[in-house]
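# A closer look at the structure
Residue-level listing of the chains:
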Amino acid sequence: MRGLLDAVMSLGRGLELPEVLRGIVEAAVTLTDAEYGALGIVGDGQTLLEFLTVGMSDELTARIGQTPCGRGILGELIHHPEPLRLTDLSSHPHSFGFPPHHPPMHSFLGVPVRVRDEVFGNLYLTEKRGGRGFDADDEALLTTLSIAAGVAIDNARMYEESRRREQRLEALGEITRALLSGTDADEVLHLVAERAMEVAGADRAAVLLPPSLPGAPAPQEGCQDPAAFDARLTVAVAHGRDAERVRGLSVPAHGSLAGLAARTGTPVHCADVRTDPRAHLFGDGAEKGLGPVVAVPLRVGAGAMGALRMGRPVGRPPFDDSEVALVSGFADQAAIALELARGRAESEELAVMHDRDRIARDLHDLAIQRLFATGMTLQSTTRAIADRPEAAERVSRAVDDLDTTIRIVRSTIFDLRTTDGSGRGGLRHRIAETARAAARALGFRPSVRIDGPVDSVVPDELAEHVVAVAAEAVSNASRHARASRIDIVLSAGDAVTLTVTDDGIGLGGRTAADGRGAERGGGLANMRKRAELCDGTLAVEQPAGGGTRIVWRAPLD
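Now for a description of the structure that goes with this document. The written sequence of each chain sets the order in which its residues are numbered from 1. Predicted model: local features are reported for residues with pLDDT of at least 70 only, side-chain atom pairs are reported and counted for 80 or more only, and whole-chain, interface and lining totals are derived from all residues. Calculation of side-chain values draws on the structure's entire complement of heavy atoms; hydrogens and water are dropped beforehand.

Here we take up the layout of surface pockets. Size it by volume and the largest pocket reaches roughly 1,400 Å³. Forming the walls of the largest pocket are 42 residues, and the residues nearest its centre are R157, P317, P318, D320 and E323. Ranked by residue count, the leading element in the lining of the largest pocket is helix α5 (residues 136–180), at six residues. Following the grouping adopted for this structure description, the nonpolar residues are Ala, Val, Leu, Ile, Met, Phe, Trp, Tyr, Cys and Pro, the charged ones are Asp, Glu, Lys and Arg, and the polar ones are all others, Gly among them. For the lining of the largest pocket, the residue count by class is 18 nonpolar, nine polar and 15 charged. Cavities and pockets are defined on a 1 Å grid built over the protein atoms alone: a cavity is a set of grid points where a 1.4 Å probe fits but cannot escape, while a pocket is an open set with protein on both sides within 12 Å along at least five of seven lines, and lining residues are those with an atom within 4 Å of any such point. Grid points are joined across faces, edges and corners, and a volume is the space filled by probe spheres set on the points. The calculated volume of the second largest pocket comes to roughly 790 Å³. Lining the second largest pocket are 30 residues, and of these F51, P68, L74, F98 and H102 sit closest to its centre. Under the DSSP-based scheme used, a helix requires at least four consecutive residues in state H or I and a strand at least two consecutive residues in state E, with every element numbered from the N terminus. Taken together, the elements giving at least two residues each to the lining of the second largest pocket come down to β1 (34–42), β2 (48–54), α3 (58–64), α4 (72–79) and β5 (118–128).

See the structure below:
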């Protein structure tokens with residue numbers, strides 16, 4: 001009795017759950033003079049989640065291999081949680097036998113351990129020392145110890161829950177401060193993954209996003225099927241085990257735990273990701289060693305959904321309801337970070353648009369008016385110096401230069417004020433980008449002049465053809481014409497007209513291979529085909545000064 005009281009007092013002093021569990025088994029072995037003892041923790045599926053042993057060396061445990069799952073005598077106590085005392089294990093009808101390398105065992109005593117009204121697990125004792133069997137006193141001692149153990153386990157769980165709640169509050173406070181300080185969304189997501197992994201006791205945390213969400217990785221180079229890419233979730237952030245190997249990998253939205261959580265809007269979890277048919281393992285051995293996994297939805301706005309996916313090593317208990325709720329709180333923080341990032345991006349874009357509009361207004365109200373007034377002054381001066389032809393010609397050239405400058409400024413104003421619905425630059429901007437991209441291969445930048453409101457009058461489908469023809473014409477001049485100057489002129493009136501002029505060797509100076517390459521399978525053939533699709537025309541001209549001029553024209557409906 002004194003030993004029992006000492007054991008109860010010792011259990012009451014423990015607060016760390018692993019320490020309390022081991023102390024229960026050690027006290028049971030000591031009180032009953034048993035050689036081996038174990039505590040099996042029962043899961044929802046009436047199987048053993050954990051099996052803590054005392055009396056076996058680590059080497060012997062490793063040789064035996066897989067821990068019991070709850071069959072045979074152990075399962076008998078799980079399905080019928082009442083004290084069980086046997087003189088010989090093998091004589092029981094439900095005896096299942098022992099695996100290889102397991103030490104021989106005969107006498108047995110087992111009692112359930114209840115935490116409040118819940119069966120937490122079972123205490124198992126075998127091999128009473130001296131070759132004797134366990135008696136009624138041993139059963140009474142172990143039953144009393146199990147009651148004290150239930151109280152100690154409950155206290156340890158409450159302590160662990162309070163400590164975890166404190167960690168959660170500290171982590172959420174840190175994340176909230178990062179959000180309010182304007183920290184980049186990617187950094188906040190890393191912080192969410194790191195803190196969620198620590199608080200939930202996971203081995204890895206990953207944030208998976210669809211392409212439509214900010215912070216999601218772009219399609220990999222060579223992706224030919226955007227729809228297939230949109231049907232996947234990609235790891236934008238990973239922390240913990242093999243994080244670098246996992247980052248950038250993707251899983252299907254249909255056929256993965258993360259995709260199921262994202263589609264249904266409810267958390268999903270499994271005890272072993274390797275055997276769950278709903279799971280989708282990351283390739284390249286990145287999931288090696290992981291067992292329990294939970295995925296919680298990550299909602300941004302009313303549409304797009306991602307997921308926060310957590311994993312633990314094989315042999316660890318699966319995520320319980322309280323842990324799933326905890327992880328869901330971190331997913332909410334990640335969603336807020338993405339929502340703030342999207343709002344911040346929209347605000348910055350709006351600020352840029354306002355600034356562009358201001359610059360365009362200033363150019364129109366100040367620069368163009370001054371240039372126009374200067375041109376008028378010079379034109380009036382021409383009449384005053386009509387008797388000096390050389391001076392009059394120079395003034396006339398200056399007026400022409402001013403007209404060209406005014407057209408360039410007006411083109412810039414159109415470019416500043418016009419974007420398509422997605423925020424991407426319109427046709428005017430895309431033609432300028434084509435010239436900028438070509439400069440890397442040419443060694444110089446083609447000149448660009450755009451007349452008229454091309455962004456507002458050229459339909460999107462026709463604009464795609466115009467951009468493609470401009471890129472093809474510049475590419476031909478670069479590869480075949482050996483040009484040192486390229487001029488691109490785009491205008492819109494009754495029709496859209498694209499003129500690309502180079503000072504190269506001209507069509508007559510190209511080799512047969514150059515000519516065939518330009519005319520067949522690409523080059524001029526492609527440009528002519530696009531003109532036909534738009535009910536337009538393509539003309540290839542040779543200017544008097546040499547080179548080639550391509551005039552592509554399509555009517556505007």
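As a further point, take unusual backbone geometry. Even without being a glycine, E127 presents a positive backbone phi close to 60 degrees. Inspection of the secondary structure assignment puts E127 in strand β5. For D242, which is not a glycine, the phi torsion comes out positive at approximately 50 degrees. Tracing the chain through its elements places D242 in the loop between β7 (232–240) and α8 (243–246). Using a relative accessible area of 27% as the deciding quantity, one classes D242 as partly exposed. Remark: exposure states derive from per-residue accessible area (1.4 Å probe, protein chains only) relative to the maximum for the residue type, with buried under 20%, exposed over 50%, and partly exposed in between.

Where helices are involved, their axes are fitted lines through C-alpha atoms of the stretch in contact, as for all axes, and angles between N-to-C directions lie from 0 to 180°. Packing of α5 against helix α6 (residues 185–200) brings their axes to within 10 Å, and their N-to-C directions diverge by 175 degrees. Here α5 lies roughly antiparallel to α6, going by the angle between them. Residue-level inspection shows R164, Q167, R168, A171, E174, I175, A178 and L179 of α5 in contact with α6, the latter providing V188, L191, V192, R195 and V199. Each residue belonging to the contact of α5 with α6 can be placed in one class, and the counts come to eight nonpolar, one polar and four charged. For classification, angles of less than 35 degrees are called roughly parallel, those exceeding 145 degrees roughly antiparallel, those between 65 and 115 degrees roughly perpendicular, and all remaining angles oblique. Contacts are residue-level and defined by heavy atoms, with any inter-residue pair within 4.5 Å sufficient.

Across the sheet, which stays open at both edges, the five strands sit in the order β12-β13-β14-β16-β15 with mixed pairing between neighbours. Sheet topology places β12 (447–451) and β15 (537–541) at the edges, where each strand pairs with a single neighbour. On average, each strand axis in the sheet is inclined to that of its neighbour by 10 degrees, with strand direction left out of account. Looking at chain direction, β12 and strand β13 (residues 486–492) are connected through five bridges and run parallel. If you follow D451 over to β13, its bridge partner there is S491. Against the sheet, helix α14 (residues 460–481) contacts β13, β14 (495–502) and β16 (548–555), and its axis sits at roughly 10 degrees relative to β14. Any two strands with at least two DSSP-identified bridges between them are counted as paired.

On to the side chain of E76, then. Checked against the element boundaries, E76 lands in helix α4. For the buried E76, no salt bridge is present, and the opposite-charge side chain at shortest range is R114, 13 Å distant. Setting aside residues no more than four positions away along its own chain, E76 makes contact with L84, H92 and H94. Charged-residue counts in this description rest on Lys and Arg as positive and Asp and Glu as negative, His and the chain ends being excluded. Each reported salt bridge corresponds to a side-chain nitrogen of Lys or Arg within 4 Å of a carboxyl oxygen of Asp or Glu.

Let us now look at the nonpolar core. Core analysis: the biggest nonpolar cluster contains 36 residues, and L427, I431, I486, L490, L498 and W552 have the highest contact counts within it. Looking at this core, the elements with two or more residues in it are α12 (427–442), α14, β13, β14, α16 (523–533) and β16. It is α14 that contributes the most residues to this core, 10 residues altogether. Setting aside anything within four residues of it in sequence, one finds L490 in contact with L427, I431, R449, I450, D451, V454, V466, V496, T497 and L498. Only buried residues count toward a nonpolar core. Its members are Ala, Val, Leu, Ile, Met, Phe, Trp, Tyr and Cys residues joined through side-chain atoms within 4.5 Å.

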